[in-house]
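If you want the building blocks of each chain, they are given just below.
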Amino acid sequence: MKKIIFVSDFFENQVSGGAEICDGVLIKELSKTHKICKFNSSEFTVKHFNLYKSCGFSFLISNFVGLSEDVKKVISLDGEYCIIEHDHKYLKTRNPSIFANFKAPEQMLINVNFYRSAKKIFCQSIKHYEVLKSNLNIDNVVNLGCSLWSKEQTDIIRNAINKEKNDKAFIINDQNPIKGTPKALEFCDSKQLEYDLFDKMEYSQFIEKLAEYDKFVFFPNTLETFSRIILEARMLNCKLVTNNLNGCTYEEWFKSTKGLELVDFVDQKREEIANLISEELFRQKEVVDGDITVILNCYRRPYNLKMQVEALRNQSVKPKQIWLWINHHEDNVDFDPTTIGVDRIFKNDYNWKFYGRFAAALLADTEYIAIYDDDTVPGNRWHENCLNTMKTHEGIMGSAGIILKSDRYVNHDRCGWPTQNKETTEVDLVGHAWFFKREWLRFLWQEKPVTWDNGEDIQFGFMAKVYGGIPTYCPPHPPEDRSLHGSVLGNELGIDSKATSTNSSISHEQFFSERDICVREGLKKGWNTVRGVKL
């Protein structure tokens, strides 16, 4: 039996909103053939995710306002989850109708990476689908084409359809401003329509009462992703007085289907939608193997390696192999490298520092090499981003770029994940994560570096530029899409006492003095920097 963790802010027994009712029907339908475990989003932790993933569960995320940022990051890196989208959680306002053509400015978008990294996002109507896809510029979106009603609910509707109607309008008395009750009242008063105003009531009572009315007047103030109440009125053959903010009204079948025919349609959709969601949730991602060898470095942070390997295995363009270069240090003596799932291990009894992993890269037999510092976890489309950037800006790619402003290394501007550049940007050198053609390694090794203790990033940058005419770039690191970033946890993992730049055994002055020497060595050789720095 397939197993699902269903995460939502609330469930039907806690809140009787439209999203919770719809999810309740879905959970009941899926439970016929799946094992379902429910979690409130505020109680779902990284520990829960890791535990249930190891037990073979898949993850279905509904409303997720209560989901912590840490959990969203971990789930996004994994990428094996689907989202049931109910109410525009990709917008700060949760209301696309206040923007022209429902298209929000970029600064109003949120949770972009969480949506982009999902296997599929399930929308409830074609309009919902179009608006979400347009705002997020993503392709992993599916239109379910309907909301969900239980058999018990549609039986209640069937039994009420033939009730004799009065000449009045039905208006819901909802204090939530997005439901537009004042507009409905104003409309009826202006048209001199007789109406009755109803507070929230139990479902069967609501259907029985709505069935008695000739008209249903409803003017929502936000784009309803589907609008269950509109469809219930139409199933009961009520005339509709509304606006263009109901997702269901954009469906092809809406205008031509009503009454019992519409109830039959809704009954049919219940199993159909549950099967579609299950199929997409458990569908194996298309594996795209890149001609890439990844080399990781183990020194003083072996505890980061498992997370790095998982992020690399979940790349949209996967590496052929992942190798691990281990420099000797007491912090990794007890670490067992066979437990993290790498393909090759170089275990040294000596600390080869920064250059060792680049020596290992000479043994690779792939077109591309990707090298990562031990504090660098890439977004799941980083390899894809590098390969796409190569098509227009061939060169060494990296996640943290440096643009020199003088012959002193400390005098520079940064690029990549620290500044989140939206466009491909040429830089003088990169660090944290490198992506390059294997054949370019010959430039790094063409001459002995001025020091083996520092500056491999500087050496590679200027040697490739001077002897091969090969520039260095930071691919786009858009703030709204961290899946493209070369490092998504740089601040969290990289700023600690184990960072070489803050190592107490090497003075801060000595570290940066060595890097200044490396920069000047490149300038002596004719390094044409981005800003034309000269000695």
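Use the structure listed above.
All figures in this text were calculated on a predicted structure; none of them were measured in a lab.

Undergrad: Go over the overall build of the chain with me, naming the residues and quoting the values.
TA: Across its full length, the chain carries 17 helices and 19 strands. The C-alpha extent of the chain, read off along each of the three principal axes, is 95 × 50 × 40 Å. In the chain, which comprises 535 residues, the proportion classed as buried is 57%. For the chain, long-range pairs separated by at least 24 residues make up 73% of all intrachain contacts whose partners lie at least 6 apart in sequence. Carbon and sulfur atoms form 48% of the exposed surface of the chain, whose accessible area is close to 23400 Å². Averaging the locations of the 68 positively and 75 negatively charged side chains of the chain gives two centres separated by 2 Å.

Undergrad: Run through the pairing of strand β15 (residues 396-404), naming residues and quoting values.
TA: Within β15, nine of the nine residues are buried, which leaves the element mostly enclosed by the surrounding structure. For β15 and strand β19 (residues 472-474), the ladder comprises two bridges, and the chain directions are parallel. Note that in β19 the partner of I396 across the bridge is T472. Relative to strand β16 (residues 412-416), β15 runs antiparallel, the two sharing five bridges. Within the sheet, the bridge partner assigned to I402 lies in β16 and is R414.

Undergrad: Could you give an account of the nonpolar core, naming the residues involved and the relevant values?
TA: Looking at soluble globular proteins, one finds that nonpolar side chains tend to be buried together. Judged by nonpolar contacts, the single largest core of 64 residues is most densely connected at L296, L324, I396, F435 and F436. For this core, the element with the highest residue contribution is strand β18 (residues 429-437), accounting for six residues. Counting 52 residues, the second largest nonpolar core, distinct from the first, contains L26, L60, W149 and V266.

Undergrad: So what's going on with the sheet that holds strand β8 (residues 195-198)? Which residues, and what values?
TA: In spatial order, the strands read β8-β7-β9-β10; together these four strands make up an open sheet with parallel pairing. Looking at the sheet topology across the chains shown, the edges are occupied by β8 and β10 (239-242). Shown here is a sheet whose adjacent strand axes are inclined to one another by a mean of 25 degrees, direction ignored. In this structure, strand β7 (residues 169-172) lies alongside β8, joined through four bridges in parallel fashion. Note that in β8 the partner of I172 across the bridge is F198. Where helix α9 (residues 228-235) meets the sheet, it contacts β7, β9 (215-218) and β10, and its direction lies at approximately 170 degrees from that of β9.

Undergrad: Explain the packing of helix α2 (residues 46-54) against helix α3 (residues 69-78) residue by residue, including any values.
TA: Contact geometry for α2 and α3: axes closest at 9 Å, N-to-C directions at 30 degrees. In terms of orientation, α2 and α3 fall into the roughly parallel class. Counted together, V46, F49, N50 and K53 of α2 and D70, V71, V74, I75 and D78 of α3 form the full contact between these two elements. The residue inventory of the contact of α2 with α3, partitioned by class, reads five nonpolar, one polar and three charged.

About the criteria used
- Residues numbered from 1 in each chain as written.
- Predicted model: local features only at pLDDT ≥ 70, side-chain atom pairs only at ≥ 80, totals over all residues.
- Heavy atoms only, no water.
- Helix = DSSP H or I, 4+ residues; strand = E, 2+ residues; numbered from the N terminus.
- Buried < 20%, exposed > 50% of the residue type's maximum accessible area, 1.4 Å probe, protein only.
- Contact = heavy atoms within 4.5 Å.
- Areas by Shrake-Rupley, 256 points an atom, 1.4 Å probe, with all protein chains shown as cover.
- Lys, Arg positive; Asp, Glu negative; His and termini not counted.
- Charge placed at Lys NZ, Arg CZ, Asp CG, Glu CD.
- Pairing = 2+ DSSP bridges.
- Core = buried A, V, L, I, M, F, W, Y, C linked by side-chain atoms within 4.5 Å.
- Axes fitted to C-alpha atoms, helices over the stretch in contact; angles between N-to-C directions.
- Parallel < 35°, antiparallel > 145°, perpendicular 65-115°, else oblique.
- Nonpolar A, V, L, I, M, F, W, Y, C, P; charged D, E, K, R; others polar.

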